[in-house]
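Single-letter residue listing:
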Amino acid sequence: MNAPPTRPGPVTVRTFTQRLSATPRGARLARYLALNQLHAWGVPYGGDASDAVAVIVAELAANAVTHGRVPGRDFELRLSLVPGSVRVEVTDTCTGPRPFGPGDVPAPGPLDEAGRGLLLVGALADRWEVVDREPPPGKTVRAEVDLPGGGQSSR
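Predicted model, so just to flag it, every value in this text is computed and none were measured.

> What is the right way to read the layout of surface pockets from this model?
Space left empty within the atom packing is revealed by a probe, the size of a water molecule, rolled over the atoms. If you add up the space inside the largest pocket, you get close to 470 Å³. Asn63, His67, Pro99, Phe100 and Leu118 are the residues nearest the centre of the largest pocket, which is lined by 22 residues in total. Among the elements of the structure, helix H2 (48–66), strand E3 (85–92), helix H3 (117–124) and strand E5 (139–146) are those that each provide at least two residues to the lining of the largest pocket. Grouping the constituent residues of the lining of the largest pocket by class yields 11 nonpolar, 6 polar and 5 charged. Every residue lining the second largest pocket is counted, 17 residues in all, and those nearest its centre are Glu76, Thr91, Arg133, Glu134 and Thr140. Mapped by element, the contributors of at least two residues to the lining of the second largest pocket are strand E2 (75–82), E3, strand E4 (127–132) and E5. Its residues assigned to classes, the lining of the second largest pocket comprises 3 nonpolar, 3 polar and 11 charged.

Take a look at the structure:
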C-alpha cells in the first residue's frame, strides 16, 4: 500500500526593498536598515548571520556609492528572507565595467588601501554573484548567507 503524496508546507518569502541616495550617508543607512529588518524577521543582533549580512551590506553599499554612482540616481537595497537563508541584493545604474565575480577578485597588495570589499563578501557569503540589472542599465551584486539550522524565523 502506498502512502498518499504529501504536499510541501507553504514557503514564505519576506522581502524588504529600499532605494537610497548614492552617498556615504545612504550607504550607512543601508546597513542600519538591514540590521533592523533582520531583527524584525527574528534574526537576532550579534548572531553570525546578522553580523555577516551587516558587513556584506556595508561593503556592497559602499561599492555602489563609490564605484557605481551615477549623479542623480539612487542605489537599491533588497533583502529577502527565503527558506534557509538571507539574500542581499545591491543594485546600481552605472553602465561602467562590471565588478569581479566569485573566484575572479584579485588579492590586493599588502600596502593597498582598497580592494578588499569583494574579498570580504566572498569570505562571509555562502553564495554570491554579479548579474545585469533588470531592466538595464546597471548591475546587481547578490549574496546569500545561510541561517543556522537552515530554518526560517517564526516572526
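> Where do I start with the environment of proline 83 in this structure?
Relative to the elements of secondary structure, proline 83 occurs in the loop between E2 and E3. Once the C-alpha coordinates of proline 83 and valine 13 are considered, the two residues, 70 residues apart in sequence, prove to be 7.2 Å apart.

> Hey, could you run me through the pattern of salt bridges in this one?
When their charged atoms lie close together, side chains carrying opposite charge are able to pair. All told, the structure shown has 9 salt bridges when counted by the stated rule. The salt bridge involving arginine 142 is made with glutamate 129; its shortest N-O contact spans 2.6 Å. With arginine 142 in strand E5 and glutamate 129 in strand E4, the pair connects residues that are 13 residues apart, well separated along the chain. Residue classification places glutamate 129 among the partly exposed residues on the basis of a relative accessible area of 33%.

Reading guide: rules and limits
- Residues numbered from 1 in each chain as written.
- Predicted model: local features only at pLDDT ≥ 70, side-chain atom pairs only at ≥ 80, totals over all residues.
- Heavy atoms only, no water.
- 1 Å grid on protein atoms, 1.4 Å probe; cavity = no way out; pocket = protein on both sides within 12 Å on 5 of 7 lines; lining within 4 Å.
- Points joined across faces, edges and corners; volume = space filled by probe spheres on them.
- Helix = DSSP H or I, 4+ residues; strand = E, 2+ residues; numbered from the N terminus.
- Nonpolar A, V, L, I, M, F, W, Y, C, P; charged D, E, K, R; others polar.
- Salt bridge = Lys/Arg side-chain N within 4 Å of Asp/Glu carboxyl O.
- Buried < 20%, exposed > 50% of the residue type's maximum accessible area, 1.4 Å probe, protein only.

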